[in-house]
Amino acid sequence: MSGAVYAQSTAVGSVYGQVATGAGTQIVIENAAVGFKRTVTVGEGGRFQANNLAPGHYQIQLVKDGKVVSTAELDVLAGQGAEAVFAGAGNATQTVQVVGKLRGIDTSNTVNASVFTAKQLDAIPVASKDVNGIVALAANTTKADARYSGGISIGGGAPSENSYYINGFPVTNALTQLGSMELPFGAIQQAQVQTGGFGAEFGRSVGGVVNIITKSGTNEWHGGVDVTIEPNSLRSNPKNIYYPKNGAATDGTEYFYRKDNYRQETSYGAYVGGPLVEDKLFMFVAADVTKLNTKAVNSTPGSSAVSTTGWLESQNTNTRYLGKFDWYLTSDHHLEATLIGDNYKTTDDYFGYDYAAHKKTNYVFSQYSKNLSDYTTGVGGDAQVLKYSGQITSDFLLTALYGQSSSPHKQGYSFQPTDPETFIPTDADRNPNLTYPTNPANPLPGGTTGIGNDAKETTKSFRFDLEYQLGDHLIRAGLDENRLKSKNAGDSYDNVGGSYWRYYHTTNGNYSGAGPSTRISLIDAGAVPVNGTYYYARQRHFDTVTNADSNQSAQYIEDRWQVTKEVLLTAGVRRESFENKNGDGDTFLKMDGFFSPRLSASWDVLGNSSLKVYGSAGRYSLQIPTHVAVRGASRSLFVDQYFAYTGVDPVTGAPTGLTALNSEPYSSNNEYGQAKNPKTVAAQDMKPTYQDELTLGVEGALTQGLVGGAKVTYRKLKQTIDDFCDYRPFYAYADANGIDTSNYGGFGCATFNPGSDNTFLVDYAGDGTLTKVKLKAADIGVPKPKRTYFALDLFLEHPFSDGWYGKINYTYSKNKGNTEGQTKSDNAQTDVAVTSTWDFKELMEGSYGYLPNDRTHQIKGYGYYQLTPEWGFGTTMVLESGRPKNCFGDYGGTGTDIGGGGYGAVFFYCDGVATPRGSQGRLPWSTALDLNAVYKPDYVKGLALRVDVFNVFNRQTARVIDEAHDSSATYGAGVVNPAYGRVISYSDPRKFRLTAQYDF
C-alpha cells in the first residue's frame, strides 16, 4: 500500500489510502464530534486522499453502490498523513470492519519532526509548562544559554533562528526573535517541532519551526478546573555558587549563597467547550493564572550592591487565555477565530543582605514590570486571528488567514530615579582613603537601563494558500505578508538616573582611558596611588530608544508528484523578501527576491507502509529582527569618559574632584547620538542569512508494536548578517584613492555580509555626498562565516497499545564553526544580529571550534503506562553531554584592539596566549529523570490527582560558566578575573508538582 500525495500544512492533516477499483466506490470521511462529513472519489488505481482535515478522530467508510462495506477509525494529526486501511482492500468484496489499527509509517511525509499530542502532554511530566518545555524533549534541540530570556537551539541554530506559530499565525517575538507568545498549556491539541526538511510553504528559519494547534469545541459540552502547586517545602535546595581557585583572595569563598532561596509556584486553570449551534458553531475557551513567588540572594559578598539589592523577592503573575471559535458553514467551508492572551506582571522587592548572618536586611525599593524581557518570566501579548478554509471543488482548496498581535511593555519604580547610578565591582575598587555611601540615592544596580515610554511591538500577518490536484500532481502555492512594528524599542539611562558611574583600580599609573581624543595618564592627572594602586572612574551615557519596522513577504510554489505507487517526489521554491526601517521610517536594509529551492522524496520500499526511505535537500533563509534598527540604524548614544577623582559624593555615591583622562567622551562604535544616514548603515546588495541542508533517513515497522528509524542531517551556514565596526579599511581606501578625510566624521558600524566583498556608501566629505567604497573580503579582514551541524539520530517508538506508549531518541552531533549565528552565547549578548562577533578582524582570531550549542551526545525519552483505569504513570528523561568551555581575555595577537580594551574579555586569548574556541574542555554531562503518577478514582468520575517529580536524583550540574579570564580595563593589568570559571547556572534542583483536576 503506497502513500498518496497530501497537503503538508502544519495546521491540518490528511487521510489517504488505496482500495480495489470499481464503479460506484466512494470514501466517506466523518468527524462526528463536529458533524463534519466529506465524500471522496476513488481515483485511478484505487488511490484516494482527503486533504485539509482538522486534527481529530475520524471514521472512514468504504462505500460501494451506496452501502458501507468496511470501516476504519483513525486520528488525524496536523502536518501528517494518516493511512486508512480496510481489510480485504485488494478483493472485490470488502466486508471486514477494522477499528483502532496501530498507526503505520507515514510514507507521505519527509519532514524531520517530533509531534506531541494532547494525550501525550497530559500523560508525561513536562518540567516547564510552556512551548520551550515541549521543544526541549524533541531530538536535535538544546536549551538556550540561561542568560537569554527566551528561545531554544534547534538543529545547531541560534536561539533566535526559529519560527513559532499558533493555529498558523506567527507568534515569534518580533523585537528579538527570542521565544514566542504562549497559551494555556492544557489548550494545546498538538505541538509539532520541525527540525529540518520542511517544504517551500515554510521559511524565516534556519533553526526549526514550532507549530502549535489548539483544542476546539465539539458537539458535546466539556469543561474542567485544575489547581497545581510546586511547593517550596518539597523542593531541594539549589547549590551554592563559589569562587573558583584563580589565585585570588576570594578563592573558594561564596559567590552566591543559594540554600535559603525560596521558590513556590501555584496555578489555577479552567476550560469549557461545546456547541453553540450543533454541527455548525463551536467554542473552546481556556484560561489559567500562574503565580510564582521567589526569594533569593541577588548580589555577591564583595559587591557594593549587596546593601541595596542583595536580596530579591519577586511576585510574578502570568495570565494566559485562549478562545477558539469554529463555524462550519458547510462541510467544505470552515471559518475559525482564535483569541490568544499571554501577559506577565512582576513586582520585584529589593532588600539589603548580610552575608555573614545569611539573612536579608532593610527594604530598599521595588520595581514593577509588564511583559519585560529579563524581569518578567516571559514576554507575551495578545493576538486575534481569523482563518478561512474552503474546499472549492474536489480538486481545489483555498485558505486565507489574517491576524494581529500586540505586546506592550511597562516599567516603574517605588521611587523617582533622578540621581546617577553607581557601581563598585569589588572592595578592591574602593580607595581606602575615601568613604563611599552604603545606600546611594539611586539604589539601582550600576548599568541598569530603562525602557522607553509606551514601548510595544505589534505584528500584522496575512497568508493565502491554495492547492490543486492535477492527476498525480498536487500543486501548492501561496504567499504571506508580515508587518512588524516596534515602538520606543531600546534602552536608556535617561529614565533611571541619566548616567552610570563605575569605579576601577589599577597598578598602572600610565593608564589613560580610551579613545582618539587628547589623553593623559593617571599620574599626569594627579592621581595619588595608595600602596601602589591607582583609583579611577568611568562615566557612561547610553540611549538607544527608537521606533523600528520590518516588512516581510514570501511566495512559494510546490509540486508533490506521486511518481509511482511507492515513490513521492516533492519539488518547490520559496521566494523571500524583507526590509527594515529605522526610527525615522527610512529603509536601511532591503532584501528582494531571495530564492530557496527545496527537494524531497519518500520511497515506500515494500509498498505496504512498513518501511520508508526518505530524504531532502533545501536552502533556508532568515530575516533580521526589528531590534537591529535600535543601535544599528537609528540614533544611538553610547559614550564613555574616564576620570581620576579625589572624593565621593556622600549622597549620590558619584565621584567628585574629577580630572578627565580622555578629554572627550569616547564611543568605540561611533555612537554619539547623531542621525545615521540610512544609506550608510548597511552594505549594498547583501544576501540574507541562509544555509543549505541535506537529510537522509529510514523508518520502519520493526514489529507490530515497535517502530524504529535512523536519520542523518547536515547543515551548512552559507552567509550571515551582522555589524562591522572597523574604521581602518575605510581610511585605507581613502588613502589609496586620494580621498580627503579632513571633514570625515569617522566610521561607526554598518551591517554587512562577513567574509564577502561588500560595497558601502561613505560620507567622506561630511556634507552628505556619498562615495561608493568597494571593499574586498581581504580588505575587511574577517573570515567567511562558518557553522556546520552534523547529526545522526536513532529512535525507537512503541505506539500506544497494551496500555503503554514510549519513545527514545539518541543523537550524535557536531556543531562547529566561527559563529553561533544571530546570537552570541559566549557572553550572552542580547543584541541579536548586531553582536560583537564581527566588529573587527582581531575578534575572529581563534574563533573556529565547537560552538556553545554543541552537545555531542543526547538521549531523550518519554512515555507513559496505564496500569489500570484508575492508575497511570509517566516519565521523561534527558541526558546530554556538556557544553564546550572557552577562555576569553584581552587581545594577545599581532594586530590591534581598536576598542582600546573597551570590549573587555571577548578575545580568544588568555594572558596573551591563543585559546581557540572550545579548547578548554567541556562541562559535565547533564542528566534528569522525571516521573509522575496519576490517580483517577472510580468513585468520583472526572477527578484526577497527580504528582510529578522532576530531576528525581537531584543531579544539579553546571550548564553555564563565566568564561571571562582577563581584561586590563575591567580587572586591572595582569589580574585574572576572580570569578573566571565560576558557575553561572546549574540545572534545576529536584521539585514536586501536585495537581488536582476535575473534568466534566
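Residues numbered from 1 in each chain as written. Predicted model: local features only at pLDDT ≥ 70, side-chain atom pairs only at ≥ 80, totals over all residues. Heavy atoms only, no water.

Per an unreviewed UniProt entry, the protein chain carries the name TonB-dependent receptor and comes from Ideonella azotifigens. Quoted verbatim from the Subcellular location (unreviewed entry) field of the UniProt record, the comment on the protein chain reads "Cell outer membrane". According to the UniProt record, the Sequence similarities (unreviewed entry) comment for the protein chain reads "Belongs to the TonB-dependent receptor family." (UniProt positions renumbered as here; feature names shortened; annotations may be inferred.)

(A) Focus on the overall build of the protein chain. From N to C terminus, the protein chain includes 7 helices and 58 strands. By the compact-globule yardstick of 30 Å for 1000 residues, the protein chain fits well, its C-alpha radius of gyration being 30 Å. For the protein chain, with 1000 residues in total, the buried portion stands at 59%. At a minimum sequence separation of 6, the contacts of the protein chain that also span at least 24 residues come to 72%. On the protein chain, roughly 37,700 Å² of surface is accessible, and the fraction owed to carbon and sulfur atoms is 54%. (Helix = DSSP H or I, 4+ residues; strand = E, 2+ residues; numbered from the N terminus. Rg over C-alpha atoms; globule rule 2.2 N^0.38 Å. Buried < 20%, exposed > 50% of the residue type's maximum accessible area, 1.4 Å probe, protein only. Contact = heavy atoms within 4.5 Å. Areas by Shrake-Rupley, 256 points an atom, 1.4 Å probe, with all protein chains shown as cover.)

(B) Geometry of the confidence of the model for the protein chain. A residue-level look at the protein chain finds 97% of positions with pLDDT of 70 or above and a mean pLDDT of 93. This model gives residues 1-8 a pLDDT under 50, and the stretch forms 56 contacts once residues within four places in sequence are excluded. (pLDDT = per-residue confidence, 0-100.)

(C) Local environment of the pattern of salt bridges. Across all of its chains, the model carries 42 salt bridges by this definition. Notably, a salt bridge pairs D145 with R147, separated by 2.9 Å at the nearest N-O pair. Across the pair E265 and R263 runs a salt bridge, and its minimum N-O distance is 3.4 Å. According to the relative accessible area criterion, R263 is partly exposed, its value standing at 24%. If you follow the salt bridges from partner to partner, you end up with E201, R204, R463, D465, E467, R476, D480, E558, R574 and E576 in one network. (Salt bridge = Lys/Arg side-chain N within 4 Å of Asp/Glu carboxyl O.)

(D) Spotlight on the sheet that holds strand β7 (residues 81-83). The mixed open sheet is built from 3 strands, whose spatial order is β4-β1-β7. Here the strands that pair on one side only, and so sit at the sheet edges, are β4 (47-53) and β7. Recorded for the sheet is a direction-independent mean angle of 20° between the axes of neighbouring strands. As defined by bridge partners, strand β1 (residues 13-18) adjoins β7 across 3 bridges and the pair is classed as parallel. Paired with Y16 across the strands is E83, a residue of β7. (Pairing = 2+ DSSP bridges. Axes fitted to C-alpha atoms, helices over the stretch in contact; angles between N-to-C directions.)

(E) Region of the structure containing the pairing of strand β32 (residues 534-543). With respect to burial, β32 is a largely interior element, 8 of its 10 residues being buried. Bridge count between strand β31 (residues 500-506) and β32: 7 bridges; the pairing is antiparallel. Looking across to β32, one finds that T506 is bridged to Y534. For β32 and strand β37 (residues 637-644), the ladder comprises 8 bridges, and the chain directions are antiparallel. For R540, the partnering residue across the bridge sits in β37 and is D640.

(F) Highlighting a nonpolar patch on the surface. On the surface, W221, V272, L276, V277 and V285 cluster together into a nonpolar patch covering about 400 Å² of accessible area. Among the elements that take part in the nonpolar patch, strand β18 (residues 262-277) stands out by supplying 3 residues, more than any other. Secondary-structure assignment places V285 in strand β19 (residues 281-297). (Patch = residues over 30% accessible without salt bridge, like charges linked within 9 Å, V, L, I, M, F, W, Y side chains within 5 Å.)

(G) Spotlight on the packing of aromatic side chains. For the coordinates displayed, the defined rule picks out 46 aromatic pairs. Between F36 and Y58, the aromatic rings sit 6.1 Å apart at their centres with planes inclined by 90°, giving edge-to-face as the arrangement. Here F36, found in strand β3 (residues 36-41), pairs with Y58, found in strand β5 (residues 56-64); they are 22 residues apart in sequence, far enough to count as distant. Judged by its relative accessible area of 2%, Y58 is buried. With 5.2 Å between their ring centres and 85° between their planes, F542 and F638 make a pair best called edge-to-face. One end of the pair, F542, is in strand β32; the other, F638, is in strand β37, and 96 residues separate them in sequence. Taken together, the ring pairs connect F116, F800, Y805, Y862 and Y864 into an aromatic cluster. Sitting over the ring of F795, K807 keeps its end group 5.1 Å from the ring centre. K816 extends its terminal NZ or CZ atom over the ring of Y850, reaching a point 4.8 Å from the ring centre. (Phe/Tyr/Trp six-rings, centres within 6.5 Å; stacked < 30°, edge-to-face > 60°. Lys NZ or Arg CZ within 6 Å of the ring centre and 35° of its normal.)

(H) Up close: the UniProt feature "domain: TonB-dependent transporter Oar-like beta-barrel" (unreviewed entry) in the protein chain. In the numbering used here, UniProt assigns the "domain: TonB-dependent transporter Oar-like beta-barrel" (unreviewed entry) feature to residues 313-578. End C-alpha atoms of residues 313-578 are separated by 43 Å, and the span's content is 0% helix alongside 63% strand.

(I) Focus on unusual backbone geometry. Positive phi outside glycine occurs at N531, with the angle close to 55°. Along the chain, N531 turns up in the loop between β31 and β32. Not every positive phi belongs to a glycine, and N951 is a case in point at roughly 55°. By secondary structure assignment, the location of N951 is in the loop between β55 (943-950) and β56 (958-961). For N951, a relative accessible area of 6% corresponds to the buried category.

(J) Highlighting the pairing of β19. By the bridge criterion, 15 bridges tie β18 to β19 in an arrangement that is antiparallel. Bridging across to β19, Y268 finds its partner in V289. Between β18 and β19, which pair antiparallel in sequence order, lie 3 residues; one of them, D279, sits at a positive phi of approximately 65°. One ladder, built from 17 bridges, connects β19 with strand β20 (residues 311-330); its direction is antiparallel. Looking at the pairing, A286 lines up with L322 of β20.

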